[in-house]
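If you want the building blocks of each chain, they are given just below.
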Amino acid sequence: MDTRAFKRSLHHSERYNRRGFGLGDEVAGTLEQAYQSDLIAELRANGYELRDGRLTVRLAEAFGFCWGVERAVAMAYETRRHYPSERIWITNEIIHNPSVNDHLREMNVQFIAVEQGVKDFSEVASGDVVILPAFGATVQEMQLLNERGCHIVDTTCPWVSKVWNTVEKHKKHAFTSIIHGKVKHEETLATSSFAGTYLVVLDLAEAQLVCDYILASEGGASPSAAQREAFMARFAKACSPGFDPDRDLIRLGVANQTTMLKSETEEIGRLFERTMLRRYGPAELNEHFLAFNTICDATQERQDAMFALVDEPLDLMVVIGGYNSSNTTHLQEIAISRGIRSFHIDTPERIGPGNRITHKPLGGELESVDGFLPEGAIRVGITSGASTPDRVVEDVIRQLITLSKS
Ligand code: SF4
C-alpha cells in the first residue's frame, strides 16, 4: 500500500484533525487542576530536593509529562468540548497512565474493546469521533475508521510521525527497516504498518543474531538450512509477511521506537554499520546501510537525568509510571543496572499499608515488599515516565513523608 498517498488524502479530509480545536485556553484550567502540582513546582525551584525530618527526596532534573503527552491529553480534552454530545472513542490508552485514562473514562470517552489481542471496532459507527493516541495507530486502523465515516482526531506525537517518515523512506529506496522496539508495543505496531519490509529487534542480543546471519554469507558462503530455520523461528512474529533473510538483509535502514534505551539504540546502530561495512566494504556502505536515530528528545532528557541521579548516593529509588510504559521501564533498568534498590510503581496507592510497597520488578510480576523504608536518615531518588502527571508524583512524595514519620 502507498501509505504516503493514503496519509496525504487523509490529511485533506474534513473529518480529520491533528491540530486541536483552538480550545487550549478553555481546557487549560481543568488540565492544571487535574495534573499539575504546587509541591513539584516548589521542588523544581529548590534544586529538585525536599527535606522533611529524616527523609530527603531527590527528584531527577527531567521527569514526567513530555511535550507530546501534554499535547495529546489537551487535544483529548478539547475533543470532548468540541463534540459535547457525540460518541467519542479512543483506539487505545491515550498514554500509558492509569489516572489520565480514568479521567477520560469519567468524561465518557470509550476505549475500543480488545478481544484476545484484537481490537473490536464493531461498535464504532459513522459520525462517531475517534481519538488516536500519542503513540499513533496502524495505517489499517486509520483506513478502517476513515472508510466508516468517523471523525478522526489524531494526537500522534510528531516524534512518532518522524519514525514513520523514516521507515517510509526505507521502503521508497528498497531498504529493509530494522526497528529497535518491542514487537507488541502500539508504537512499534504502528511503525511496522508504515514500513515495507521490516524486522523488529528487541535488544542488542537479537541485533547480534541478525548480524551473525548476515556475516554467515561473507566471502560467497551461504547460511546453512539449520541457520535459516533457527533465524526464522526466532523472528517469525517480528518481521513483515514473506520475509526472507537471504534476500531481505542486504540493504538495511535502522529506526527505533522513540522510547527505547538511547545507549542501546546507538549501540545497535553501530553494530549494524560495522556488520555491513565488513560484509560489503567502505565503498559500498551507503548502498547497504542507512542510520537514523529516532529516539525522541524527551526520552533522551529523562534518561540523561536518570544517569545523573543514580550517580548520587541514594538509599533507594522510586520510579513512577504505567507498567506498560516503555520509557518508564527503561528508567527502572538504569537504576537496576547501578545496583540501586529500585521500585517501579504505577500509582501512589502502591505504597502501604504500613511500611510496605507493591511494585513490579523488572520483567517480573507485581510483588509486595515489607520493610520498604529503612530506619534512620534516608535519601530517596524519584523519577517518572513521560506519561506521568506531576500530581501523581506529588501524591507519591506525600505518601513517603507520611510513612517516614510513622
Ligand atoms: S515520549 Fe517522546 S515520542 Fe513519546 S509522546 Fe513524549 S515526546 Fe512524543
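Here is what the cut-offs are and how they apply
- Starting from 1, residues in each chain are numbered consecutively following that chain's sequence as written.
- Totals for whole chains, interfaces and linings use all residues, but because this is a predicted model, local features are given only for residues with pLDDT of at least 70 and pairs of side-chain atoms are given and counted only at 80 or more.
- The basis for every side-chain value is the complete set of non-hydrogen atoms in the structure, without hydrogens or water.
- Note on terminology: a nonpolar core comprises buried Ala, Val, Leu, Ile, Met, Phe, Trp, Tyr and Cys residues joined through side-chain atoms within 4.5 Å.
- For every residue, the accessible area (1.4 Å probe, protein chains only) is compared with the maximum for its type, and the residue is labelled buried under 20%, exposed over 50%, or partly exposed between those bounds.
- The helix count covers DSSP runs of H or I at least four residues long, the strand count covers runs of E at least two residues long, and both are numbered beginning at the N terminus.
- Each domain span listed reflects an automatic or database assignment of domains.
- In what follows, residue pairs with any heavy atoms lying within 4.5 Å of each other are defined as contacts.
- Polar contact is defined as a pair of N or O atoms within 3.5 Å, subject to the rule that within protein one atom must be able to donate a hydrogen and the other to accept it, and that residues adjacent in sequence are counted only when both atoms are side-chain atoms.
- Note: two strands are recorded as paired if DSSP finds a minimum of 2 bridges between them.
- Orientation is described by lines fitted to C-alpha atoms, with helices fitted over the stretch in contact, and by angles between N-to-C directions that extend from 0 to 180 degrees.
- Neighbouring residues are identified by heavy atoms, a residue being near a molecule or strand if any of them is within 4 Å of it.
- Under the scheme applied, nonpolar residues are Ala, Val, Leu, Ile, Met, Phe, Trp, Tyr, Cys and Pro; charged residues are Asp, Glu, Lys and Arg; polar residues are all the others, including Gly.
- Pairing of aromatic side chains here covers Phe, Tyr and the six-membered ring of Trp, requires ring centres within 6.5 Å, and sorts the geometry by plane angle: under 30 degrees stacked, over 60 edge-to-face, intermediate tilted.
- Whether a charge sits over a ring comes down to the Lys NZ or Arg CZ being within 6 Å of the ring centre and within 35 degrees of the ring normal.
- The buried area of a pairing is the accessible area, by a 1.4 Å probe, that goes missing from both parts when the two are put together, added over both.
- The rule for a salt bridge is simple: a side-chain nitrogen of Lys or Arg has to be within 4 Å of a carboxyl oxygen of Asp or Glu.

Describing the nonpolar core
In step 1: In terms of nonpolar packing, the biggest core is built from 49 residues, with L199, V210, L249 and F272 touching the most fellow members.
In step 2: Looking at which element gives the most residues to this core, the answer is helix 9 (residues 204-215), with 5 residues.
In step 3: For this core, the domains that each give at least three residues are domain 1 (3-27 + 67-157) and domain 3 (159-295).
In step 4: Not counting residues up to four positions away in its chain, the partners in contact with V210 are L199, V201, F231, F235, L249 and F272.
In step 5: The next biggest cluster of nonpolar side chains, apart from the first, holds 32 residues, and it includes A34, V69, Y83 and A298.

Observations concerning the environment of I320
In step 1: With respect to the element layout, I320 can be found in strand 14 (residues 316-320).
In step 2: Taking the relative accessible area as the measure of exposure, I320 reaches 0% and is therefore buried.
In step 3: Spatially, the C-alpha atom of I320 lies 8.6 Å from that of P348, the residues being 28 residues apart in sequence.

Details of the environment of S37
In step 1: Locating S37 in the fold gives a position in the loop between helix 2 (24-35) and helix 3 (38-45).
In step 2: Residue S37 is classed as buried on the basis of its relative accessible area of 6%.
In step 3: In this structure, the C-alpha to C-alpha distance between S37 and V392, residues 355 residues apart in sequence, is 8.6 Å.
In step 4: Those residues in contact with S37, other than ones at most four positions away along the chain, are D390, R391 and E394.
In step 5: Reaching out from S37, the side chain makes a polar contact with the backbone nitrogen of L39 at a distance of 3.3 Å.
In step 6: A polar atom in the side chain of S37 sits 2.9 Å from the backbone nitrogen of I40.

Regarding the sheet that holds strand 10 (residues 176-180)
In step 1: Taking strand neighbours across the sheet as the criterion, the 4 strands line up as 11-10-12-13 in an open arrangement whose pairing is parallel. At either end of the open sheet lies a strand with only one pairing partner, and these are strand 11 (198-201) and strand 13 (289-291). Averaged over all pairs of adjacent strands, the angle between their axes in this sheet comes to 20 degrees, without regard to strand direction.
In step 2: Pairing of strand 12 (residues 252-256) with strand 13 involves 3 bridges; the strand directions are parallel. Its bridge partner lying in strand 13, V254 is registered against A291.
In step 3: In this fold helix 9 packs onto strand 11 and strand 12, with an angle of close to 135 degrees to the strand it touches most, strand 11.

Side note on the environment of G381
In step 1: You can see G381 is positioned in strand 18 (residues 378-384).
In step 2: Relative accessible area serves as the criterion here: at 0%, G381 is assigned to the buried category.
In step 3: Measuring from C-alpha to C-alpha, the distance between G381 and M306 comes to 9.3 Å, with 75 residues separating the pair along the chain.
In step 4: Here G381 is in contact with R58, L309, L314, L316, M317 and V318, once residues within four sequence places are set aside.

Points about the side chain of H330
In step 1: You can see H330 is positioned in helix 15 (residues 326-337).
In step 2: Setting aside chain neighbours within four positions, we find H330 in contact with K182, T259, M260, L261 and Q303.

Structural notes on the site of the ligand
In step 1: By nearness alone, every residue bordering the ligand is listed as C66, G68, V69, C157, W159, V160, T258, T259, C296, A298, T299 and A386.
In step 2: Residue assignment for the shell around the ligand shows that the elements contributing at least two residues are helix 4 (67-82), helix 7 (158-172) and helix 14 (297-309).
In step 3: A breakdown of the residues in the shell around the ligand according to their chemical character gives 8 nonpolar, 4 polar and no charged.

A short note on unusual backbone geometry
In step 1: In the segment running from G352 into P353, the intervening peptide bond is cis, with an omega of 0 degrees.
In step 2: On the secondary structure map, P353 appears in the loop between strand 15 (342-345) and strand 16 (356-359).
In step 3: The backbone of Y48 shows a phi angle near 65 degrees, a positive value even though the residue is not glycine.
In step 4: For Y48, the location among the structural elements is in the loop between helix 3 and strand 2 (49-52).
In step 5: For Y48, a relative accessible area of 17% puts it in the buried group.
In step 6: Phi is positive for N108, close to 65 degrees, though the residue is something other than glycine.
In step 7: As for its position among the elements, N108 is in the loop between helix 5 (98-106) and strand 5 (109-111).

Brief notes about the packing of aromatic side chains
In step 1: Enumeration over the complete set of coordinates arrives at 7 aromatic pairs.
In step 2: Taken together, a centroid distance of 5.8 Å and an interplanar angle of 45 degrees make the contact between Y35 and F65 tilted. Here F65 lies in the loop between strand 3 (55-59) and helix 4 and Y35 lies in helix 2, a separation of 30 residues in the sequence.
In step 3: Classification of Y35 as buried rests on a relative accessible area of 3%.
In step 4: The buried category is assigned to F65, whose relative accessible area is 15%.
In step 5: Put simply, the rings of Y35, F65 and Y77 touch in pairs and so form one group of aromatic residues.
In step 6: The ring centre of F111 lies 4.3 Å from the NZ or CZ of R105, which sits over that ring.
In step 7: Between the NZ or CZ atom of R279 and the centre of the ring of Y280, over which it lies, the distance is 4.7 Å.

Considering the domain arrangement of the chain
In step 1: Along its sequence, the chain is carved into domain 1 (3-27 + 67-157), domain 2 (46-65 + 298-405) and domain 3 (159-295).
In step 2: Centre-to-centre, using C-alpha coordinates, domain 2 lies 34 Å away from domain 3.
In step 3: Of the residues lining the interface, 11 residues belong to domain 2; the matching set on domain 3 comes to 10 residues.
In step 4: Where domain 2 abuts domain 3, roughly 870 Å² becomes buried across the two surfaces, and 49% of that area is made up of carbon and sulfur atoms.
In step 5: Linking domain 2 with domain 3 are 1 salt bridge, by the criterion used here.
In step 6: In this structure, D304 engages K262 in a salt bridge whose closest nitrogen and oxygen atoms are separated by 3.8 Å.

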